[in-house]
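Chain and residue survey
Chain by chain, the residues:
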Amino acid sequence: MAKFKEQTVLLRISWMFLLFNGIGILIFGILVVTYPRIAGPYDLGLLRALGVATTGMGFFGIVITLTSYRRKERLAWLTLWYYPTFWTLHLVGGLPPGNDHIHQVFFIVISLLGLMLPFRYFFPRETV
């Protein structure tokens, strides 16, 4: 708990944005695994496999955010760039979920804010 109290508001907001991203991806993955009815009988297994992979991606993103990112580890910052990459590829490729891609733009924006706002915490200026 002491580490949480030492964090600035900016860092707290940034990891909460990234946590929200991870939770969104996790929920999407669970829904795809649970309700793959949109696929035909030949695509059912593939869709479930994608749902399991997406669930894992969301879970690991949450774990990275709640541990390494909050400790300001550079590798966590670099790793979490998969969030805006993931959502941008979904937007550009017209991929699911949904047909109105507003949620994808929203997730792109909050993931970029979550990564760029605390940039100086992860890469402080060198002092001579």
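Residues numbered from 1 in each chain as written. Predicted model: local features only at pLDDT ≥ 70, side-chain atom pairs only at ≥ 80, totals over all residues. Heavy atoms only, no water.

1. Details of the overall build of the chain
Per the secondary structure count, the chain includes seven helices and zero strands. The linear arrangement of helices and strands in the chain, starting from the amino end, is α-α-α-α-α-α-α. Relative to its full complement of 128 residues, the chain shows a buried share of 33%. Considering only contacts within the chain whose residues lie at least 6 apart along the sequence, 63% involve residues at least 24 apart. Of the roughly 8,100 Å² of accessible surface on the chain, a fraction of 72% belongs to carbon and sulfur atoms. (Helix = DSSP H or I, 4+ residues; strand = E, 2+ residues; numbered from the N terminus. Buried < 20%, exposed > 50% of the residue type's maximum accessible area, 1.4 Å probe, protein only. Contact = heavy atoms within 4.5 Å. Areas by Shrake-Rupley, 256 points an atom, 1.4 Å probe, with all protein chains shown as cover.)

2. A word on the pattern of salt bridges
Side chains that differ in charge, positive against negative, can pair when their charged atoms come close. Following the criterion strictly, the structure yields one salt bridge and no others. The partner of Glu 73 in a salt bridge is Arg 71, and the shortest N-O contact between them spans 2.9 Å. Take Arg 71: its relative accessible area is 44%, and that puts it in the partly exposed class. (Salt bridge = Lys/Arg side-chain N within 4 Å of Asp/Glu carboxyl O.)

3. With respect to the packing of aromatic side chains
The tally for this structure, following the rule as stated, stands at 13 aromatic pairs. A ring pair is formed by Tyr 69 and Phe 122, whose centres lie 4.8 Å apart and whose planes are at 35 degrees; its orientation type is tilted. With Tyr 69 in helix H3 (residues 44-69) and Phe 122 in helix H7 (residues 119-122), the pair connects residues that are 53 residues apart, well separated along the chain. An aromatic cluster is defined as three or more aromatic residues linked by ring pairs; in this entry it consists of Tyr 69, Trp 77, Trp 81, Phe 119, Phe 122 and Phe 123. (Phe/Tyr/Trp six-rings, centres within 6.5 Å; stacked < 30°, edge-to-face > 60°.)

4. Concerning unusual backbone geometry
Positioned with a positive phi, Lys 72 is a non-glycine residue whose angle comes to about 65 degrees. Tracing the chain through its elements places Lys 72 in the loop between H3 and helix H4 (74-79). Judged by relative accessible area, which is 38%, Lys 72 ranks as partly exposed.

5. Details of the side chain of Thr 54
Of note, Thr 54 is situated in helix H3. Looking at Thr 54, the relative accessible area reads 13%, which means it is buried. Looking at Thr 54, its side chain comes within polar contact range of the main-chain oxygen of Leu 50, at 2.8 Å. Discounting chain neighbours no more than four positions away, the residues touching Thr 54 are Ile 25, Phe 28 and Gly 29. (Polar contact = N/O pair within 3.5 Å; in protein donor to acceptor, adjacent residues only side chain to side chain.)

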